[in-house]
Amino acid sequence: MLGAKGSIATRPKITRVVSADTNVRARLQEIWRSHELLVYLVRTEIKVKYKNSVLGLIWSMVAPSMTLAVYAVVFGAFLRNGMPDFVIYLFSGILLWNFFSTGILTATGVVVNNAGLVKKVSFPREILALAAIGSAGVFFFFQSCVMVIFLAVLQWAPAWSLLYLVLVAMVPTLVLACGLGILLAAVNVYMRDTQHLVTVLVGSAWFWACPIVYTFQTVQTLLSAHGLTWLYFANPMSILVMTFQRTLYGRPTVTDTQTHGPLAVLPHWPITTYIWGDAAVLGFGLVLLYVAMVVFGRLAGNFAEEL
Amino acid sequence: MGTTSVEVQEVSKRFRLYHEKYTSLKERVIHAGRVPHEDLWALRGVSFEVEEGETVGILGRNGSGKSTLLKCICGVLQPTAGQVVVRGKLAGLLELGAGFQQELSGRENIYLNGSMLGFSKRDVDRMFDDIVEFAELGQFIDNQVKFYSSGMYVRLGFAVAVNVDPDVLVIDEVLAVGDERFQRKCMERVKQFQREGRTILFVSHAPDLVRNLCSRAVVLADGEMIGVGSPGEAVRLFRERLLEAGDVLGAREAEAALDVASHEMPAVAAGSDDAIALADVAPGPSTAMAAEAPGAPFVPGAGAALDQDAAPHVRPGHSESRPVRLTEVSCLLPPGTTRRYLLPGEPLTIRVGFESSRAVDEVVYQLEIRNDVGLALFATDTEVLGLHCAIEPGPGTFEFRLGSVPLLDGAYDVNLGVQTARGMSDWREPACQFEVMNPGRATGTVAIPVEAGLVSPDALALRSEGTVAS
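Scanning chain B from N- to C-terminus turns up twelve helices and 17 strands. Looking at chain B as a whole, 40% of its 470 residues are labelled buried. Partitioning the contacts of chain B with sequence separation of at least 6, the portion at a separation of at least 24 is 72%.

Dropping the structure here:
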């Protein structure tokens, strides 16, 4: 069976160098060579997570739906923010946020949790972090399906002509999540506090710093009064979330269900502003990813002994 | 041929040993920049090359850096300095089944593990049936791995690594898995790899295996490479190192055992010692005291010299029943030898010093040679040899002269006893030890001279000697 493949001596071989200084390019090449492993790891992660559970993947839709329901009731019904089909607005933000937060939260602990693997098997360790983001991507896909159902049931039309913006926002989110995930995964090996810190920050502060539950318009006046608008957009997720909402909720101004007057939900920026904002985040994300790769490359050499 | 498959260039690896590990943020801040640590150089400037199609063994004691070196070659660890260049796909077996996911089935794990070793789904598809067959899993292939027996688990691990078509196979002491039949199968597969021209690097504690499989071997000691060469030479170097450290001779363990014995039972040991001492000085009057002494503990003799402290194996009874005591047993290499070991077939003299409290006219000396697992290889005594020995009171010396010791590699124990008509008078186990090193490539225990060759039918017809043995 092995003889059929021709001589071992003459077939082409890849040369691999193991040393203390590996450059980012070499690492990227190795990651690319292991792309199949990435697929397997994502599949494994999801399979293992829902093994022996009756509902399986449905849980990945139940949990965010629950959050959605709570916020919709509290803000839509109790606090009466006056937005028609508030749940759609909410869902557009949460959809993107969940992908990002689940991704980096899982990625942070991924090297530590796979200590057995890291200590015994050689493969580009970044793959582990990427697989965590990848599995978050799978959940994102399933939640998107739920979103489609919501849109259909509530007969809410997104901005069809702007649908490409979904991709424009997704790419920077993905790059950002990969950069941050890789960085945090490496740092967490040396400082286990990172895991807890990230859980606290991402779970609360960062979530509320994004216009997901509330609208940007509600904080805009306050922000510009103190000249802090720039700070708000220093949070790269703000503009990405807003791009998502601009597409899926689709309307910058709606009719208030309480006063029946106009209610501003999103700023009346031209679409190019959103695109440029996203592009800026993408640029930042790429720089972050590069830095993360450098840091990870430095730290990865000692993973096996630190774990 | 002629191309290098693995180049290890000046590889050094430093481990930081922290006295206290600070992994939390608070501790890091408090101890910023001054975490107390010691540097441990697990590898220091190791360089060697492995040609394509070669099988190279790595020998070394525990802690000599063997596994660290393999991990650097596999890429699990990065060397602190230097680099390793690997040409071709490398499959590392640092631990069998290391990449397995408990929750997944055997089938899924084969694909996962295969891709971890750097093989595509297509590669694994092609090898899948071979892997399952090799691992002898049959219908269990679709069961979750967590329900596998440990045997099934390691068989699957081995099967994946050796069936996915690597260019370089790196094995860390994992060849001894499964039952004997499976081990044989593993060895056969390794030999098939050799025939196919794949490169194999492996770490082993078993010099026999290195001799058997390798074309070359590297010897590590304390992180440094002390030699590279033919397997016979490397094994000799490795064992000479062990000898210097006094490990194989077991002297250290024997001493430790002695320490424990005398430490744990001081009263008993003292009591019996007294009894012996008294018996030596004045055989008659000591009877009462000797009878009071409780049973002496079993204490193995420490190396060659037996001192007065070592209590004999036999029950101390009436001194009349054990008048002869062994004082010193030594293994003497042939005169003029500067080595500390024998070559196969060399003569050996075992010199026994004894002391008798009275004249005995019928003494039998017993000799036993055992290997490291306690198998008796040879036993004889002076009665069997037809020797009549009578001894006078006081010290004396006796010798067993072995004309030839046809043994191969190993450390061997010599047990000695002296018996009188009234029973065993003294017994030392082990009384001394000797070491044999084989410069050739034969493995096993016994050195048998061999000639081999083809026989022509004519010669066969002409020959009439010998019947078939079985």
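Attention now goes to the overall build of chain A. Counting secondary structure elements, chain A contains 13 helices and three strands. When its C-alpha atoms are laid out on the principal axes, chain A stretches across 80 × 45 × 35 Å. Residues classed as buried in chain A amount to 39% of the 307 residues present. Sequence separation of at least 24 residues holds for 83% of the intrachain contacts in chain A that already meet a minimum separation of 6.

With that settled, the discussion passes to the nonpolar core. I73(B), V170(B) and L201(B) are the most contacted members of the largest nonpolar core, which totals 148 residues. Ranked by size, the runner-up nonpolar core spans 26 residues in total, among them V329(B), L348(B), L416(B) and V418(B).

What follows deals with the packing of helix α3 (residues 59-78) of chain A against helix α6 (residues 126-153) of chain A. All names here are of chain A. Relative orientation of the contacting elements α3 and α6 amounts to 60°, with a least axis distance of 9 Å. Crossing hand, α3 versus α6: right-handed. Contacts between α3 and α6 involve S60, M61, P64 and S65 from the first element and F139, F142, Q143 and V146 from the second. In terms of residue class, the contact of α3 with α6 is made up of five nonpolar, three polar and no charged.

In this structure, P430(B) follows E429(B) across a cis peptide bond, with omega equal to -5°. When you line up the elements, P430(B) lands in strand β17 (residues 423-436). Not every positive phi belongs to a glycine, and R80(A) is a case in point at roughly 50°. Considering the arrangement of structural elements, one finds R80(A) in the loop between α3 and α4 (86-113). Residue R80(A) is classed as exposed on the basis of its C-beta count, with 12 C-beta atoms lying within 10 Å. In this structure, D85(A) takes a positive phi of about 45° despite not being glycine. Tracing the backbone through its elements, the reader meets D85(A) in the loop between α3 and α4.

Before going further, it helps to spend a moment on the sheet that holds strand β2 (residues 37-51) of chain B. Read across the sheet, four strands follow the order β1(A)-β4(B)-β1(B)-β2(B) without closing on themselves; strand pairing throughout is antiparallel. In this open sheet, the two edge strands, each paired with only one partner strand, are β1 (15-19) of chain A together with β2 of chain B. Each adjacent strand pair in this sheet contributes to an overall mean axis angle of 20°, direction not counted. Sheet strands touched by helix α2 (residues 66-74) of chain B: β1 of chain A together with β1 (4-18), β2 and β4 (81-87) of chain B. Its angle to β1(B), the strand with the most contacts, is close to 120°.

Let us now look at the sheet that holds strand β9 (residues 224-229) of chain B. Strand pairing in a sheet is mediated by backbone hydrogen bonds. Such pairs are either parallel or antiparallel. Residues and elements named next belong to chain B. Pairing is mixed across the open sheet formed by six strands, whose spatial order is β5-β6-β7-β3-β8-β9. Across the chains shown, the open sheet's two edge strands, defined by having one partner strand only, are β5 (90-93) and β9. Across the sheet, the axes of successive neighbouring strands diverge by a mean angle of 15°, strand direction being ignored. Taken together, the four bridges between strand β3 (residues 55-60) and strand β7 (residues 199-203) define a ladder with parallel strand orientation. Note that in β7 the partner of I58 across the bridge is V203. Packing against the sheet, α2 makes contact with β3, β5, β6 (168-172), β7 and β8 (216-221), and its axis sits at approximately 150° to β6.

Residues and elements named next belong to chain B. Residues with a pLDDT of 70 or more make up 77% of chain B, whose mean pLDDT is 76. Mean pLDDT across the secondary structure elements of chain B bottoms out at helix α10 (residues 266-281), with 33, and peaks at strand β11 (residues 348-356), with 91. Low confidence marks residues 247-318, where pLDDT is under 50. Its contacts with residues over four positions away, or in another chain, come to 100 contacts. As scored by the predictor, the complex reaches a pTM of 0.72 and an ipTM of 0.82.

Let us now look at the pairing of strand β13 (residues 376-381) of chain B. Inspection of the sheet shows strand β12 (residues 360-370) of chain B paired to β13(B) by five bridges, in the antiparallel sense. Bridge pairing links R370(B) to A376(B) in β13(B).

Facing the 44 residues of chain B at the interface are 34 residues of chain A. Elements supplying a minimum of two residues to the side of chain B that touches chain A: α1 (25-30), α2, β4, α3 (106-116) and α4 (121-135) of chain B. Among the residues making up the side of chain B that touches chain A, the classes are represented as 17 nonpolar, 15 polar and twelve charged. Two elements, β1(A) and β4(B), share five bridges in a ladder whose sense is antiparallel. Residue pairing for β4(B): V17(A) is matched across the bridge by V85(B).

What follows covers the environment of S101(A). Counting through the fold element by element, S101(A) comes out in helix α4. S101(A) sits 127 residues away from L228(A) along the chain, and the two C-alpha atoms are 25 Å apart.

A separate point is the confidence of the model for chain A. As a note on interpretation, predicted positions should not be read in detail where pLDDT is low. Residue and element names in this part refer to chain A. When the pLDDT values of chain A are averaged, the result is 88; 97% of them are 70 or greater. At the low end of the mean pLDDT range in chain A sits β1, at 79; at the high end sits helix α7 (residues 164-190), at 95. Here residues 1-5 is a poorly scored stretch, pLDDT under 50, and it has four contacts once near neighbours within four places are set aside; other chains count.

The next subject is helix α2 (residues 35-49) of chain A. A rise of 1.5 Å per residue sets the reference length of α2(A), with its 15 residues, at 21 Å; its end C-alpha atoms lie 21 Å apart and thus fit the reference within 8%. Listing the buried residues of α2(A) in full gives L37(A), L38(A), Y40(A), L41(A), V42(A) and E45(A). Packing partners of the buried residues in α2(A) comprise α6 of chain A together with α3 of chain B.

With that settled, consider α4(A). Residue and element names in this part refer to chain A. Look at α4: 39 Å from first C-alpha to last across 28 residues, which is about the 40 Å you get at 1.5 Å a residue. The largest bend in α4 is about 25°, located at A107. Most of α4 is tucked away, with 23 of its 28 residues classed as buried.

So, how was this worked out
- Residues numbered from 1 in each chain as written.
- Chains lettered and ligands numbered in written order.
- Predicted model: local features only at pLDDT ≥ 70, side-chain atom pairs only at ≥ 80, totals over all residues.
- Helix = DSSP H or I, 4+ residues; strand = E, 2+ residues; numbered from the N terminus.
- Buried ≥ 20, exposed ≤ 12 C-beta atoms within 10 Å, placed from the backbone.
- Contact = placed C-beta atoms within 7 Å.
- Core = buried A, V, L, I, M, F, W, Y, C linked by C-beta atoms within 7 Å.
- Axes fitted to C-alpha atoms, helices over the stretch in contact; angles between N-to-C directions.
- Left-handed = near helix turned anticlockwise from the far one by under 90°.
- Nonpolar A, V, L, I, M, F, W, Y, C, P; charged D, E, K, R; others polar.
- Pairing = 2+ DSSP bridges.
- pLDDT = per-residue confidence, 0-100.
- Expected span 1.5 Å × (residues − 1).
- Bend = angle between axes of the 7 residues up to and from the residue.

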